[in-house]
Amino acid sequence: MLYIWVFAVVIKVRTSIIQLCNMNHLVLVMIMSIMSRKSLMRLKLIMLMVCLVWVQVVCGEHEIQCIQREREALLQFKASLYDSFGMTSSWTTPDCCQWKGIRCSNLTRHIIMLDLHADFHVEYAFNYYEISSSGSYLSGEIHESLMELQQLNYLNFSFNSFGNTHIPEFLGSLTSLISLDLSSCGFRGKIPTHIGSLSHLKYLNLAGNSLEGSLFPLQLGNLSQLQHLDLNSNYFEGKIPSQLGNLSKLQYLDLRYNSFEGNIPSQLGNLSNLQELYLGGYYYGDGPLKIDDGAPWLSNLISLTHLYLWSIPNLNTSHSYLQMIAKLPKLRQLSLRDCSLSDHFIFSLRSSTFNFSTSLFLLDLSLNTFTSPMIFQWVSNITSNLVELDLSENLLEVSTSNHFGMVKMNLLEHLHLSYNRLKGEVLKSFMNICTLHSLYMNGNNLTEDLSSILHNLFDGCVRHSLQELDLSFNQIIGSLPDFSVFSSLKILDLSTNQLSGKIPEDNELSSQMESLFISSNSLEGGVPKSFGRACTLGSLDLSNNSLSEELSVIFDHLSGCSRYSLQALNLEINRINGTLPDLSILSSLKILILSENHLSGKIPENNILSYQLKFLSISSNSLEGGLPKSFGNACALYSLDMSNNSLGEEFTKIIHHLSGCARYSLKYLYLSMNQINGTLPDLSIFSSLKILYLGGNKLNGDIPKDIGFPPRLESLDMRSNSLKGVFTDYHFTNVSMLNFLDLSENSLLTLKFTQNWVPPFQLSYIRLRSCMLGPTFPKWLKTQNDLNDLDISNAGISDLVPMWFWDKIALQKWISMNISYNNLFGIIPNFPLKNPFYSLILGSNRFVGSIPPFLRYSMFLDLSKNKFSNSFSFLCANGTDEILYQLDLSNNELFEQIPDCWSHFKSLSYLDLSHNNFSGKIPTSMGSLFDLQALLLRNNNLTNEIPFSLRNCKKLVMLDMAKNKLSGLIPAWIGRKLQELQILSLGMNHFNGSLPPEICYLRSIQLLDLSLNNLSGKIPRCIKNFTSMAQNAYSSYYAYHWYFVNISYTSFKRTYDLNAFLMWKGSEQMFKNTGLSLLKSIDLSSNHFSEEIPIEIENLFELISLNLSNNHLIGKIPSNIGKLKSLEFLDLSRNQLAGSIPISLVQIDRLSVLNLSNNHLCGKIPTGTQLQSFDASSYEDNPDLCGPPLEKLCINEEPKQRPVVKLHEDGLFFTREFYMSMTIGFVISFWGVFGSILIKRSWRHAYFKFLSNVKDTIYVMVAVKVLKWRHRI
């Protein structure tokens, strides 16, 4: 009673004790005088301490300040951070206890809480488009000055960005910690061993990082006070340590999404207080987690409410475990996802001896192998109170003899059946579940008409309860029916089906419809007016259809009461046309997506946006002009995408029009791929802008010296413009949040920073290809510690690569780097680290020496066109490399034999060793490259035969061994085993013997080059089996080459380029990619082939180039060679071909190169526009060949210079009869005149007198004329 009385007195005096703070001793005397003298001295001492505490707390609560050394520690910590959002902006006042995120003890003044967790919120539309975001985060590093905070109880840095750093070791010295949250911070490496020293720790969350190692240190088992442990989504491997069973107070344990393997330790059964347990998930170790059937540890977890066992395949062999789980008295949620459970396993259990707790309301059996619909009956027998059931991603299907029946689950609200094999009739089984709110049937085998599918639900009470129905990703046909019968339906998803036709005008939606998704179908026409009468409609997605109505009409039809409710409208990827109408008619609209339509013209100046509009995308249309000022007055505008149009306004004017209130709200601005021109204006007025894309425009002019970028800018893309001038460090002074910078393909742009400049940002993506960074290596890159992608190729750098750069690259993981096409030189050092790289492209430089082994841990490595001289240490380093997929060492100075170490490279798909000085044999270990698709050994000094082991490389698409000294026979196994080959180039070697008929098995061959060898015999007739040479000229199968990349945490397709050399029009040319896919060529020139050209060659209709020159071929040219209408190059010269040139050759109108010289051809060259256009050298040294363009005339042919006059169509004027008549006429006329003069003298005298008179008359006339001319002079 005495204690109660004393504390009552203390509480009463607390309200007035502040006034007595200056008289503490009087207060103590007063309190002590109340106490009885008979009280014990111990009680007096207790009361004295209580009073002192109350006095100090109340009197000092407005005066208390943090301890100075702790304040200084916090300031040192702050200095090591990048605080772009001002999370520590309050850390300036003298009292650090008042700083944001800091809490001090009222008793000791020590800091007891440091909470700087990132607070980030993102809002999406249509599950994809970001329409708003808010929050803040820190980056940088955690400074060791925090060791000073020895009284710290709570430390929370979750969701910040400390990428590629380790968890600081010194945190283990903060022994007063009760709660430590470092989740989703980007930490890598191992958990520090000193964490096990935090004996007071109750809460530990390290989830969502990149932590690795053999799970975690055993010292974690010493954290006896721990109640919450979350390590999910890391890279831990090995076995789960049994020491976790020592954490007797543990209530929450999550180890999902790691690489654990082996048996789950039975010691987990000691955790009797455990309420939530999460194990399994994706694994990438030697094997998945397993459950030991002999240790019934689960039955001891009597407090368990949540049990998630994922990806534990041997669970399907253990009946006892399922029975143990069923007996857990408090279990509310059970998930056995991806545990290989099957019908046989489930139905072998007797449900009478198997009943779950009535508390179970969620059961997840997804990603298993159930096929029978009887699973519903089994579930309803073992539990009666289920609210949510997930059977998605199984193999469930229904037949006439095997169906669900009427499902009886009276409390079920959510049913997941997505990605099974169900038909539409299965919906009948759910028609009487009167509590059902959500039904997910997406990704099944629904192929019926939509009306008949929905009719299966019409007759039951479910039509009144159902609020969400997902039928997407099926093959449903038909048109849209009336949905008004579903009175409670709020969300309907019909996307990615085969619905077609126009939407009926009388189609009515549910009176409560909020979201309607019908994207990716084949709907036509427009939007009916009935949609405008849906007064609750908030989201409408009709994207990726064939709607072709004018946009203004669609807006008019939606202008009913839905104009006040509609917030999100997606019409992208249709054929909607017209101009942009007034968008303010839909007054509540927040998201409008019109991308990839046929909109055209200028945007009207009076076009007004909805005052609530946040997201507007009109990309990939044909809009012209610029942006109206009204866009700048949209004060809520968050994202504007106008990319890939034909906007041609000056950029300064566009920025001016956007500089209204939108400059404060706009965070994403996409204007790339337009015709925007002009110089770069000042952009710093956009205070919230995070992403600015201007690539692919016509920006030009010098960079003004005084412009700035938005202070919150994170991504800047101005690639492929015509910018010039200089960017200096001044331009980037205020962009501390910049993470992505792409200025590529601005060849006149220079980046010139001061020598010791320290950028305020930390870039993850640096793309400066074809900008001017040189001639010295950019020193500012030394400050960038979080690189993911670096491209400074073709940047005019001519320098020795500094050591710090290689140090930095070696420490990175999964980086992509391209420093090619510079003039970089030096020796690349080696590092003992084995960090994986994504892509390293160092080609076209002057690196020398040995290739360092650490580079082999790249997925894609290009060291071509350098001066490397040794590859042995690189190729033959210890250990197996399973991540190198593409290796290019071409055009170096590598010599001696190719190292025989290829069995180390398990994943290699592309290998280029061409244009080096390798000699000796091709190593047999290359045959162990089972996934190899391209092998290029061209232009070396390789000898001997092609190794037999290469027959194992069955995926080869390209094999190029030309320009070597290889000998022996062409292996028959090339045709039998390498049937994927598209390019086979073995020219300029010493191969002999005949061409094996198995070569005709290469049905996919497109380029066959065996020229300049010693091959003999006949050309096989089976070449007609080269079916790819008879296919269409272009096929995507041949245009794109890819391999499948499969690494520990992901898998994807990676495309690669093929380059092939071919003698084309007299010179060796290289063909790439699409050009190569169009090229179909056979070159057997300069060998010793004999006999006739097989007529089967006429069937290779798509052949582009055929070269059989310089052989010993005889016989005639195939008569129907004109069928090869795609032929552009034909060389049959220097053979012994005889006969005439086939007349069908005239039909090849694409022929640009023809050479038939040095044969025994005869007869007339066929007359045609093509054949006469070639030079005479194309036919020379064929003695019996005649006709144009040769000068030699054929028999019975007049010289081509003789004029030919055509009288009329019936014949020529100068016939033989004409000449006979002319002769007779001449004789008669001559003798008729001169004969009479000769015989009769009088006539002769008269004739000569006449001639004399004519002469005199002419003489007199000329003389008179001359005299008159002289007198005038």
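For the structure itself, consult the block above.
In short, a report on the structure. (Residues numbered from 1 in each chain as written. Predicted model: local features only at pLDDT ≥ 70, side-chain atom pairs only at ≥ 80, totals over all residues. Heavy atoms only, no water.)

## Description of the overall build of the protein chain
Going by this rule: In this text, helices come from DSSP runs of H or I with a minimum length of four residues, and strands from runs of E with a minimum of two, each type numbered from the N-terminal end. Two residues qualify as a contact provided that any one of their heavy atoms is within 4.5 Å of a heavy atom in the partner residue. Accessible surface is estimated by sampling points in the Shrake-Rupley manner with a 1.4 Å probe; for residues, cover comes only from the protein chains shown.
For the protein chain, the helix and strand inventory stands at 21 helices and 82 strands. Intrachain contacts of the protein chain at a sequence separation of at least 6 include 60% that bridge at least 24 residues. Accessible surface for the protein chain amounts to roughly 56,900 Å². Of this, 52% is attributable to carbon and sulfur atoms.

## Some thoughts on the side chain of Asp791
Rules: Under the scheme applied here, a residue whose accessible area is under 20% of the maximum for its type counts as buried, over 50% as exposed, and between as partly exposed, the area being computed with a 1.4 Å probe on protein chains only.
Turning to its location among the elements, Asp791 is positioned in strand S49 (residues 789-791). For Asp791, a relative accessible area of 9% puts it in the buried group. Ignoring sequence-local partners within four residues, the contact set of Asp791 consists of Ile766, Arg767, Leu768, Arg769 and Asn818.

## With respect to the sheet that holds strand S27 (residues 500-502)
What counts here: Strand pairing is assigned whenever DSSP identifies at least 2 bridges connecting the two strands.
Spatial strand order, S27-S29-S31: 3 strands in an open sheet with parallel pairing. Each edge of the open sheet carries a strand with a single partner, namely S27 and strand S31 (546-547).

## Structural notes on unusual backbone geometry
Note the cis peptide between Gly774 and Pro775, where omega equals 10°. Counting through the fold element by element, Pro775 comes out in the loop between strand S48 (765-767) and S49. The residue Glu1091 is not glycine, and still its phi comes out positive at about 65°. Secondary-structure assignment places Glu1091 in strand S73 (residues 1088-1092).

## Thoughts on the packing of aromatic side chains
Aromatic ring pairs are reported here in terms of the distance separating the ring centres and the angle at which the planes meet. This is how the line gets drawn: Each Phe, Tyr or Trp ring, with Trp reduced to its six-membered ring, pairs with another whose centre is within 6.5 Å; inter-plane angles below 30 degrees give stacked pairs, above 60 give edge-to-face pairs, and intermediate values give tilted ones. Ring-over charges, as used throughout, are those where CZ of Arg or NZ of Lys falls within 6 Å of the ring centre and within 35 degrees of the ring normal.
Counted under the stated rule, the structure contains 43 aromatic pairs. Summarising the aromatic geometry, the rings of Tyr1043 and Tyr1056 are spaced 5.5 Å apart at their centres and angled 25° between planes, so their arrangement reads as stacked. On the criterion of sequence distance, the pair formed by Tyr1043 in strand S68 (residues 1041-1047) and Tyr1056 in strand S69 (residues 1050-1056) is long-range, its members being 13 residues apart. The exposure class assigned to Tyr1043 is buried, which follows from its relative accessible area of 2%. The exposure class assigned to Tyr1056 is buried, which follows from its relative accessible area of 5%. One aromatic cluster is present, built from ring pairs that chain together Phe709, Phe727, Phe732, Phe753, Trp757, Phe761 and Trp780. Above the face of the Trp310 ring, Arg337 is positioned so that its terminal group lies 5.8 Å from the ring centre.

## Topic: the pattern of salt bridges
To be explicit about the condition: One speaks of a salt bridge when a side-chain nitrogen belonging to Lys or Arg is within 4 Å of a carboxyl oxygen belonging to Asp or Glu.
In this structure the tally under the stated criterion is 17 salt bridges. Here the residues in one salt-bridge network are Arg938, Asp960, Lys963 and Glu1068, joined through shared partners.

## Brief notes about the sheet that holds strand S55 (residues 867-870)
Applied cut-off: Fitted lines through C-alpha atoms serve as axes, helices being fitted only where they are in contact, and the angles separating the N-to-C directions of these axes extend from 0 to 180 degrees.
Sheet architecture is open: 3 strands sit in the order S51-S53-S55, paired in parallel fashion. Pairing within the sheet leaves two strands with one partner each, and these edge strands are strand S51 (825-827) and S55. On average, adjacent strands in this sheet sit at an angle of 10° to one another, irrespective of strand direction.

## Quick notes on empty space enclosed by the protein
For clarity, the threshold we go by: A cavity here means a set of points on a 1 Å grid, drawn over the protein atoms and nothing else, where a 1.4 Å probe fits but cannot get out; a pocket is an open set with protein on both sides within 12 Å along at least five of seven lines, and a residue lines either one if it has an atom within 4 Å of a point. Grid points are joined across faces, edges and corners, and a volume is the space filled by probe spheres set on the points.
Throughout the structure, instances matching the rule amount to 3 cavities of 30 Å³ or more. Taken as a whole, the largest cavity encloses approximately 50 Å³ of empty space.

## Here's the deal with the pairing of strand S17 (residues 276-280)
Most of S17 sits out of view: 4 of its 5 residues are buried. The pairing of S17 with strand S19 (residues 306-310) spans 5 bridges and is classified as parallel. Across the sheet, residue Leu279 finds its bridge partner in S19, namely Leu309.

## Looking at the environment of Pro681
Following the sequence through the fold, Pro681 ends up in the loop between strand S41 (677-678) and strand S42 (691-693). Along the chain, Pro681 and Thr652 lie 29 residues apart, while their C-alpha atoms are 5.7 Å from each other. Excluding its chain neighbours within four sequence positions, the residues that come into contact with Pro681 are Phe651, Thr652, Ile655 and Ile707.

## Concerning the state of the cysteines
A covalent bond between the sulfur atoms of two cysteines is referred to as a disulfide. Put simply, the test is: Two cysteine sulfurs form what is called a disulfide whenever their separation falls within 2.5 Å.
One pass over the full model with this rule turns up 8 disulfides. With its sulfur 1.9 Å from that of its partner, Cys66 forms a disulfide with Cys96. Of this pair, Cys66 sits in the loop between helix H3 (41-60) and helix H4 (68-79) while Cys96 sits in the loop between strand S1 (81-82) and strand S2 (102-104); the two residues are 30 residues apart in sequence, bridging distant segments of the chain. Across this residue pair, the class does not change: Cys66 and Cys96 are buried.

## Thoughts on the layout of surface pockets
Selection criterion: Note on residue categories: nonpolar means Ala, Val, Leu, Ile, Met, Phe, Trp, Tyr, Cys or Pro, charged means Asp, Glu, Lys or Arg, and polar means any other residue, Gly included.
In this structure, the second largest pocket encloses a volume near 1,100 Å³. What lines the second largest pocket is a set of 44 residues, among which Asp862, Ser864, Asp888, Asp1057 and Asn1059 lie closest to the centre. With 4 residues, strand S52 (residues 837-841) is the single largest residue contributor to the lining of the second largest pocket. Its residues placed into classes, the lining of the second largest pocket shows 13 nonpolar, 18 polar and 13 charged.

## Here we look at the nonpolar core
Here is the rule: Here the nonpolar core consists of buried residues drawn from Ala, Val, Leu, Ile, Met, Phe, Trp, Tyr and Cys, with membership extended through side-chain atoms lying within 4.5 Å.
Membership of the largest hydrophobic core comes to 317 residues, with the highest contact counts inside it found for Phe157, Phe430 and Trp902. If you look at the next biggest cluster of nonpolar residues, it comprises 25 residues, including Ala934, Leu1007, Val1045 and Phe1071.

## So, helix H15 (residues 803-811)
Turning to H15, its buried residues number three or more, namely Trp804, Phe805, Trp806, Lys808, Ile809 and Ala810. Packing partners of the buried residues in H15 comprise S49, strand S50 (816-818), S52 and strand S53 (846-850).

## Topic: the side chain of Asn866
Note the threshold: Polar contact is defined as a pair of N or O atoms within 3.5 Å, subject to the rule that within protein one atom must be able to donate a hydrogen and the other to accept it, and that residues adjacent in sequence are counted only when both atoms are side-chain atoms.
Relative to the elements of secondary structure, Asn866 occurs in the loop between strand S54 (858-862) and S55. On the basis of relative accessible area, Asn866 is assigned to the buried category, the value being 5%. A distance of 3.0 Å separates a polar atom in the side chain of Asn866 from the backbone oxygen of Leu842. Only 3.3 Å separates the side chain of Asn866 from the backbone nitrogen of Asn845, close enough to count as a polar contact. Setting aside chain neighbours within four positions, we find Asn866 in contact with Leu842, Gly843, Ser844, Asn845, Arg846, Phe847, Asn891 and Asn892.

## Comments concerning the environment of Cys953
Inspection of the secondary structure assignment puts Cys953 in the loop between strand S61 (941-944) and strand S62 (958-960). The exposure class assigned to Cys953 is buried, which follows from its relative accessible area of 0%. Between the C-alpha atoms of Cys953 and Asp931, which are 22 residues apart in sequence, the distance is 6.7 Å. Ignoring sequence-local partners within four residues, the contact set of Cys953 consists of Met926, Gly927, Leu929 and Leu978.

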